[in-house]
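Observations on chain architecture
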Amino acid sequence: MTTDPKAEPSTLNVPNLLTAVRMLLVPVLAWVFLADPVSEVHRWAAAAVFFGASLTDFVDGRIARAYGLVTKFGKLWDPIADKALTGTAFVVLSIASELPWWVTIVVLLREWGITLLRFVILRYGVMAANRGGKAKTFMQTLALTAYLMPLPGFLYPVAVGLMAIAVVLTVVTGLDYLREAALMRTRWL
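Residues numbered from 1 in each chain as written. Predicted model: local features only at pLDDT ≥ 70, side-chain atom pairs only at ≥ 80, totals over all residues. Heavy atoms only, no water.

1. Observations concerning unusual backbone geometry
Of note, Ser97 is a non-glycine position whose phi angle comes to about 60°, a positive value. Mapping Ser97 onto the fold places it in the loop between α3 (72-95) and α4 (101-120). (Helix = DSSP H or I, 4+ residues; strand = E, 2+ residues; numbered from the N terminus.)

Below, the structure is given as structure tokens:
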């Protein structure tokens, strides 16, 4: 029996399972944090859920590429899971009045806007994540983890500084993706 080397691998694979786990952890993160945002136990648990779920994002892509397990499911749901996870962290922090709503709104508009743009621009080519986008994701993960943890007061400025860097990278990389999309479109016209 011969198999088609161009056939897509099974959707039931480890990277897709990690993506599904990340999606399932989104409501867990919200519940754990919002159940008692002033409790150190809840904050440590929320930070652990968020950071653990964020690690699945790092691992699933590497496994998928290394073992040829890239699927349509993964291409669609991986970025949705990422945006749901980080978006939920931003929203619960704003609900708890620990992060200004304008920060959450700016970040969510950029994240969902660029995700939508990627789908729209598909007819011209794939707009893959670049180094700036990866740096943005890394800084958002650090900043959100720091905000979710029950940091002592003297470390709070560190969390604020990390978030400031994350927001600047979010905006700058968003503008860079807009530029890249415009270039892709003009090449095809």
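More follows now that the structure is in view.
2. A look at the environment of Gly161
Mapped onto the elements of the fold, Gly161 is located in helix α6 (residues 156-188). On the basis of relative accessible area, Gly161 is assigned to the partly exposed category, the value being 30%. Considered as a pair, Gly161 and Ala143 are 18 residues apart in the sequence and their alpha carbons are 8.2 Å apart. (Buried < 20%, exposed > 50% of the residue type's maximum accessible area, 1.4 Å probe, protein only.)

3. Description of the nonpolar core
General note: in soluble globular proteins, nonpolar side chains tend to be found buried as a group. Judged by nonpolar contacts, the single largest core of 28 residues is most densely connected at Leu29, Leu148 and Met163. Ignoring anything within four residues of it in the chain, the contact list for Leu148 reads Leu29, Phe33, Arg43, Ala46, Ala47, Phe50 and Leu93. Formed by eight residues, the second largest nonpolar core is a distinct cluster that contains Ile114, Leu117, Ile121 and Tyr177. (Core = buried A, V, L, I, M, F, W, Y, C linked by side-chain atoms within 4.5 Å. Contact = heavy atoms within 4.5 Å.)

4. Comments concerning the packing of aromatic side chains
For the coordinates displayed, the defined rule picks out two aromatic pairs. Between the aromatic rings of Tyr147 and Tyr156, the centroid separation amounts to 6.0 Å while the plane-to-plane angle is 70°, which identifies the pairing as edge-to-face. Among the residues examined, Tyr147 registers a relative accessible area of 7% and is labelled buried. By relative accessible area, Tyr156 is classed as partly exposed at 42%. Lying across the ring of Tyr177, Arg118 places its NZ or CZ 4.8 Å from the centre. (Phe/Tyr/Trp six-rings, centres within 6.5 Å; stacked < 30°, edge-to-face > 60°. Lys NZ or Arg CZ within 6 Å of the ring centre and 35° of its normal.)

5. Concerning the environment of Val103
Inspection of the secondary structure assignment puts Val103 in helix α4. Along the chain, Val103 and Val91 lie twelve residues apart, while their C-alpha atoms are 9.7 Å from each other. Residues in contact with Val103, not counting those within four places in the same chain, are Phe90, Met163 and Val167.

6. Observations regarding the packing of helix α2 (residues 40-66) against helix α5 (residues 131-148)
Contact geometry for α2 and α5: axes closest at 8 Å, N-to-C directions at 165°. If you check the angle between α2 and α5, you find them roughly antiparallel. The two elements α2 and α5 cross, and the hand of that crossing is left-handed. Across the interface between the two elements, Arg43, Ala46, Ala47, Phe50, Phe51, Ser54 and Asp57 from α2 touch Thr137, Thr141, Leu144, Thr145, Tyr147 and Leu148 from α5. Split into classes, the residues belonging to the contact of α2 with α5 amount to seven nonpolar, four polar and two charged. (Axes fitted to C-alpha atoms, helices over the stretch in contact; angles between N-to-C directions. Parallel < 35°, antiparallel > 145°, perpendicular 65-115°, else oblique. Left-handed = near helix turned anticlockwise from the far one by under 90°. Nonpolar A, V, L, I, M, F, W, Y, C, P; charged D, E, K, R; others polar.)

Remember that the coordinates give geometry; whether it matters functionally is a separate question.
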